[in-house]
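Structural description and commentary
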Amino acid sequence: MPEPPERQEPERETMTIPKLAERVGRSRTLIHRLASNPDEGWPAPRYRPGSTRPEYDVAWFDEYWAKRQAGIRQGKRTDLEQEPPTTE
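Residue numbers restart at each chain and count upward from 1, following the sequence in its written direction. Totals for whole chains, interfaces and linings use every residue, but because this is a predicted model, local features are given only for residues with pLDDT of at least 70 and side-chain atom pairs only at 80 or more, for both listing and counting. To obtain the side-chain values, all non-hydrogen atoms of the structure were used and water was disregarded.

1. Some remarks on the pattern of salt bridges
The rule for a salt bridge is simple: a side-chain nitrogen of Lys or Arg has to be within 4 Å of a carboxyl oxygen of Asp or Glu. All told, the structure shown has 4 salt bridges when counted by the stated rule. Close ionic contact of D62 with R23 constitutes a salt bridge, the shortest N to O distance being 2.8 Å. A residue pair is termed long-range when its members are at least 10 positions apart, and D62 in helix α3 (residues 58–70) and R23 in helix α1 (residues 17–24) qualify at 39 residues. E63 is the salt-bridge partner of K67, the closest N and O atoms lying 3.4 Å from each other. Pair noted here: K67 and E63 are both in helix α3, with a separation of 4 residues, about one helical turn. The numbering of helices and of strands both runs from the N terminus, where a helix is a DSSP run of H or I of at least 4 residues and a strand a run of E of at least 2.

2. Some words on the packing of aromatic side chains
Geometrically, a pair of aromatic rings is defined through the distance of the ring centres and the angle of the planes. Classification of ring pairs rests on two measures: the distance between centres of Phe, Tyr or Trp rings, Trp counted by its six-membered ring, which must be within 6.5 Å, and the angle between planes, read as stacked under 30 degrees, edge-to-face over 60 and tilted in between. Enumeration over the complete set of coordinates arrives at 7 aromatic pairs. Consider the rings of W42 and W60, whose centres lie 5.1 Å apart with planes at 65°: the pair is edge-to-face. Note that W42 is positioned in the loop between α2 (28–36) and β2 (55–57) and W60 in helix α3, a separation of 18 residues in sequence. We call a residue buried when its accessible area falls under 20% of the maximum for its residue type, exposed when it is over 50%, and partly exposed in between, using a 1.4 Å probe and counting protein chains only. Classification of W60 by relative accessible area gives partly exposed; the value is 24%. An angle of 25° between the planes, with centres 5.8 Å apart, marks the rings of F61 and W65 as stacked. Of this pair, F61 and W65 both sit in helix α3, 4 residues apart, which is roughly one turn of the helix.

3. Some thoughts on α2
What α2 keeps buried is the set L30, I31, L34 and A35. For α2, the arc enclosing every buried residue in end-on projection is 130°, short of the 170-degree limit, so these residues lie on one face. Of the residues in α2, the exposed ones pointing more than 90 degrees away from the buried face are R28, T29 and R33. Picture the helix axis, draw a direction to every C-beta atom, and the arc is the one those directions span.

4. Section: the nonpolar core
For the purposes of this section, nonpolar cores are sets of buried Ala, Val, Leu, Ile, Met, Phe, Trp, Tyr and Cys residues that join through side-chain atoms within 4.5 Å. Counting 14 residues, the largest nonpolar core has L20, I31, L34, W42, F61 and W65 as its most contacted members. Only α1, α2 and α3 provide two or more residues apiece to this core. Residues are treated as being in contact if the distance between any of their heavy atoms lies within 4.5 Å. Residues contacting L34, with those up to four places away along its chain left out, are E40, W42, Y64, W65 and R68.

In structure tokens, the structure reads:
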């Protein structure tokens, strides 16, 4: 009796850097800079057959982006707190 075909994992959705940038409303330059920075810890890209454009797992990117955004803190303006100089 033939063996059943091996169960393959379903293909995970992947996107190119420009599509990821569009997804989060940021520039593709920023996303490319993040992807090429080893300190950011991006996984190795995947390539579709016949393509040279790197693609990244969308589920991973969504989780990465949420953590990155949560860690960003806006600075506080301090120039408005200064008292005007006194003239004597």
